[in-house]
Amino acid sequence: MSTNKATTSQEDMHPADVIAALRKRGTSLRKIAHENGYSHIQRVLTSPWLAAEQMVARALDTKPEALWPSRYRDPAARALAFRQTRKIAVTMPVAAGGRSRRP
């Protein structure tokens, strides 16, 4: 089973809604990507990508499975994705007071 399979479940948050929710919080996929050492993470909107899903969910103060429930139904597929994901420390944008939040 490939972890790069596009997801199109109607229960998943629509890509435009994810972008709008990020914009309402004063951030964007590009900002999140750059703050975490990536050049872009737009692919997370249409394909499973464990690290990027976690970054986006944290920016929205939720869990990735709340945004993309169809990606979290098969525990074996998620375990494989977790093993294949580069382990990173996800950081958040600098908050008021000049300190970034770390998980």
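Shown above is the structure to which this text applies.
Source: prediction; values computed, not measured. (Residues numbered from 1 in each chain as written. Predicted model: local features only at pLDDT ≥ 70, side-chain atom pairs only at ≥ 80, totals over all residues. Heavy atoms only, no water.)

## Brief notes about the overall build of the chain
Our working definition: Helix numbers and strand numbers start at the N terminus; a helix is a DSSP run of H or I with at least 4 residues, a strand a run of E with at least 2. Partly exposed residues are those whose accessible area sits between 20% and 50% of the maximum for their type, while under 20% is buried and over 50% is exposed, using a 1.4 Å probe and protein chains only. Any two residues whose heavy atoms approach within 4.5 Å are treated as being in contact.
Along its length, the chain carries 5 helices and 0 strands. Ordering the α and β elements of the chain from the N terminus gives α-α-α-α-α. Sorting the 103 residues of the chain into buried and exposed places 37% on the buried side. Put simply, 56% of the contacts in the chain that link residues at least 6 apart link residues at least 24 apart.

## Quick word on the nonpolar core
Note on soluble globular proteins: their nonpolar side chains tend to be buried together. Formally: Side-chain atoms within 4.5 Å link the members of a nonpolar core, which is a set of buried Ala, Val, Leu, Ile, Met, Phe, Trp, Tyr and Cys residues.
If you look at the biggest cluster of nonpolar residues, it comprises 20 residues, and the most contacted ones within it are L22, L29, Y38, I41, V44, W49 and V56. It is helix α3 (residues 50-59) that contributes the most residues to this core, 6 residues altogether. Setting aside residues up to four positions removed in sequence, L22 forms contacts with T27, S28, L29, I32, V56, A59 and L60.

## What to know about the side chain of R71
Worth spelling out the cut-off: Two N or O atoms form a polar contact when they lie within 3.5 Å of each other; inside protein one atom must be a possible hydrogen donor and the other a possible acceptor, and for residues adjacent in sequence the pair counts only when both atoms belong to side chains.
Here R71 is to be found in the loop between α4 (64-67) and α5 (75-84). Exposure remark for R71: the relative accessible area of 5% places this residue in the buried category. A polar side-chain atom of R71 sits 2.8 Å from the main-chain carbonyl oxygen of V44. A distance of 3.2 Å separates a polar atom in the side chain of R71 from the backbone oxygen of S47.

Remember, this is a structural readout, not a statement about activity or role.
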